[in-house]
Structures are given as C-alpha cells and as structure tokens.
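Structural features, examined
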Amino acid sequence: MTTPVHVTVTGAAGQIGYQLLFRIASGQLLGPDTPVVLRLLEIEPAMKALEGVVMELDDCAFPLLSGIEYTSDLATAFSGTSWSLLVGSIPRKAGMERGDLLSVNGGIFQPQGRAIAENAASDVRVLVVGNPCNTNCLIARSHAPEVPADRWFAMTRLDQNRAETQIAKKVGTGVAGVKNLAIWGNHSATQFPDFANATVDGRPVPAAVADDEWLRTSFITTVQKRGAAIIEARGASSAASAANAAIDTVVSLRTATPADDCVSVSVTSHGEYGVPEGLTFGFPITADGQGGWRVKEGFAVDEFAAERIKITTDELLAERDEVRALGLI
Ligand code: NAD
Ligand code: LMR
C-alpha cells in the first residue's frame, strides 16, 4: 500500500463539501491505488454538522480512507496536505454577482494562504473554489510566497463542462467529442468561453455548429450566466456539478492531456497571450502527467476574442485593485 496522501477540504460541512468528500474518499480524486487522509476545516458553528458528515464517511467503510481529521484550527487542517481544496466561503444569492462576495469572503483566504505555507507538504497544490475564486486564489497565494506560483489554481472547469454540454447539445452529439474548449479569464459573467479554437468530433466548432450568431450570443451568455440560472431555479448555488468539476480539475492536472485537447483552469499569469503578470487567469493548459503543466500555445485570438479577453482581464484587474484597497494583498 502506498503512503496516504493528505487532502484538505475547507467548508467541509457545506453543500459542495457534501458532494465532494465521498468521491474523494472513494478514490475518484487520486485514483484507486492511493489511500487518502481527509483533513476537514469548518468554522465552529458548523462543527456539529461536520461531525455528522464524518459519521457518514465512517459508515461508508471506504477502503482507501485511512484517516479523517476535522477541525476549526487552520494549522491542523493544512498539516502535511498535498491537495488543498478551498471551498469554504459564502455563496452568492439571487441578484448578486460573484464579485460582490469579495469583501465578505476575501478575508478567509489571507490566513488560509499563510497556514498552507506554514503547514502543508512540500508538494502542495491548491484549488480555490470559493467565490470569487480567481481573486480569492490571488489573495491566498500572495500570503504564501514560499509556495511556487504554479501550484495555485482557481476553478473554471465547471464553465468548461457547461460550455462543452451546450455545444454537444447544439450539434446533437456526445460531450466526449468536444475538445480544446478554453475558458478565458474570470469565473464570472465576463468569462470568455472560446468556441473558435474548440473542436467537435474532430471538426472546428464554428463549422460543426454552423450558427455563428448563436455561438457569439446565446452560447456565450448561457455559459457566463449558468451559475445565476441555477441559483434562480434551485434557490441555492450549484453543488454537485461544482464538486464534480473540482474532481475533474484535479484528475486533469494529474493526467497527461491529449494533444488535441486542453484543460480550462485559472492559473498564475506569466504574461501569456498578453495577460498581465500575477493575475489568476483562466487559460487553456496542458498537463504532462508528472505534476507539471503549461499554458497551451497556438490558440488563435481574433478581434472578437481579443475584445472579450480584454473585458474579463479588466474585471480581474479591478478586483485586484479592490482587494489591494481592502488591504487583503
Ligand atoms: P455552503 O454555504 O453550502 O457551504 C460553505 C461552507 O463553508 C459552510 O459550511 C460554512 O460554514 C463554511 N465556511 C465559511 N467560512 C469558512 C471559513 N473561514 N473556513 C472554513 N469554512 C468556512 O456553500 P457551497 O454551496 O458549498 O459553496 C461554497 C463556495 O463555492 C461559495 O463561495 C460558492 O459561490 C462557490 N462555488 C464556486 C464554484 C466555481 O465554479 N468556482 C461553483 C459553485 C460554488
Ligand atoms: C457557479 O458557477 O455555479 C458558482 O460559481 C456559483 C455562482 O455563484 O454562480
């Protein structure tokens, strides 16, 4: 048996936590040969609920689950962790944009970044899910300069999955046929789901869809506003699909990306495609299967795409200014 890998989930008693923990414990995050220790963080008022979740995890008798620590103490939660899934934070309500949560949630990520730097394993990787996830990731990273910039991720995979499904439905094919679909920028209503570089069943999406008007309008807005549509319909933000996207993100980062595909995830910009350095920005990336990844080169950026990438870049710059003004970075 290999040594167990410690995985931290914050906000573990929340909606997404409840959809995520059982999948991690059953081996869907790190594979069927890797035992895990779950390190679960919650705030004090939620500890009782978390105790119930832990009882249920015990009652599943997962063979790969070799330990559970649950706590409200940051050092314990991040001790020896190799994967930190930062979910805990407040979701938005109907009528809000995700950026409206910055002043509410931003303060959570400062101490968590520090605690990761001080307590995590040397190979730690961090995926921020709590909104606004790009800028929360920037906050946490800026308080953990010891952890290399290429270990910090914010989740735009749910947007990729949403976009793939919209295209597959429009063409009348399966989602497995949709490849190379990049989400550029912020996990927000300004994100740009890039149809032009994507393929479906080996053909460029614009040719397969044959409806440019749809691609340039309702396709984009459906993906941009899908989170709000779910809140409107369900009265609560997406949870099962968000947990699924978190699993997809980690699995994709651990697995070599096929040459005809990419993974959409927000990472630290080093100026790729002209994006300002230091932003946590949604890019198409490829993983090498050994823990490394790089921003995929060669995506065509026409005038239409450049305009949209600028809009989402400007929003992330404004969020960075806001958290600077709040003293969070
Ligand atoms: P939820 O309210 O059901 O659960 C959040 C949990 O976080 C609660 O149990 C709460 O007690 C806990 N929490 C709050 N502050 C904490 C702290 N300082 N430390 C640890 N835990 C803390 O919310 P949810 O539906 O699970 O959503 C969680 C977050 O994920 C929200 O910000 C939501 O907007 C975001 N989200 C992001 C995506 C994405 O694609 N990036 C998708 C869905 C939801
Ligand atoms: C989503 O995309 O479903 C989440 O970010 C929740 C939200 O507030 O939209």
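Look up a bit, the structure's there.
Residues numbered from 1 in each chain as written. Chains lettered and ligands numbered in written order. Predicted model: local features only at pLDDT ≥ 70, side-chain atom pairs only at ≥ 80, totals over all residues. Heavy atoms only, no water.

1. Some points on helix α1 (residues 15-25)
Where we set the bar: Partly exposed residues are those whose accessible area sits between 20% and 50% of the maximum for their type, while under 20% is buried and over 50% is exposed, using a 1.4 Å probe and protein chains only. By the criteria applied, helices consist of DSSP H or I runs no shorter than four residues and strands consist of E runs no shorter than two, each listed in order from the N terminus. When checking whether two residues touch, look at their non-hydrogen atoms; a contact exists if any pair is within 4.5 Å.
Turning to α1, its buried residues are Ile16, Gly17, Leu20, Leu21, Phe22, Ile24 and Ala25. Taken together, the buried residues of α1 touch β1 (5-10), β2 (36-41), α2 (47-60), β3 (65-71), β4 (81-86) and α10 (240-254). Gly27 occupies a position one or two residues after α1 and carries a positive phi of about 105 degrees.

2. Considering the site of ligand 2
Put simply, the test is: It suffices for a single heavy atom of a residue to lie within 4 Å of a molecule or strand for the residue to be listed as near it. The definition of a polar contact used here is a pair of N or O atoms within 3.5 Å, where within protein one atom must be able to donate a hydrogen and the other to accept one, and adjacent residues in sequence count solely through side-chain atom pairs. In this classification, the charged set is Asp, Glu, Lys and Arg, the nonpolar set is Ala, Val, Leu, Ile, Met, Phe, Trp, Tyr, Cys and Pro, and all remaining amino acids, among them Gly, are polar.
Around ligand 2, a shell composed of Arg92, Arg98, Asn131, Leu158, Arg162, His187, Gly227, Ile231, Ser237 and Ser238 is seen. Here Arg92 contributes a side-chain N or O atom positioned 2.5 Å from an oxygen atom of ligand 2. The contact in question runs from an oxygen atom of ligand 2 to an N or O atom on the side chain of Asn131, over 2.8 Å. Listed by contribution, the elements that provide at least two residues to the shell around ligand 2 are α6 (157-171) and α9 (226-234). Of the residues contributing to the shell around ligand 2, the split by class is 2 nonpolar, 5 polar and 3 charged.

3. Overview of the side chain of Thr10
As for its position among the elements, Thr10 is in strand β1. Separated by 2.8 Å, the side chain of Thr10 and the backbone nitrogen of Val87 make a polar contact.

4. Some details on the packing of aromatic side chains
Convention followed: Stacked, tilted and edge-to-face pairs are distinguished by plane angle, under 30 degrees for stacked and over 60 for edge-to-face with tilted covering the rest, among Phe, Tyr and Trp rings (Trp via its six-membered ring) whose centres lie within 6.5 Å.
Under the definition given, this model contains 11 aromatic pairs. Here the aromatic rings of Trp184 and Phe283 are separated by 6.1 Å at their centres, their planes lie at 75 degrees, and the arrangement is edge-to-face. Pair noted here: Trp184 is in strand β8 (residues 182-184) and Phe283 is in strand β13 (residues 280-287), with a separation of 99 residues, a long-range link. Here Trp184 matches Phe283 in class, with each residue buried. Relative to Phe219, the ring of Trp214 lies with its centre 5.4 Å away and its plane at 40 degrees, an arrangement referred to as tilted. The exposure class of Trp214 is buried, given its relative accessible area of 16%.

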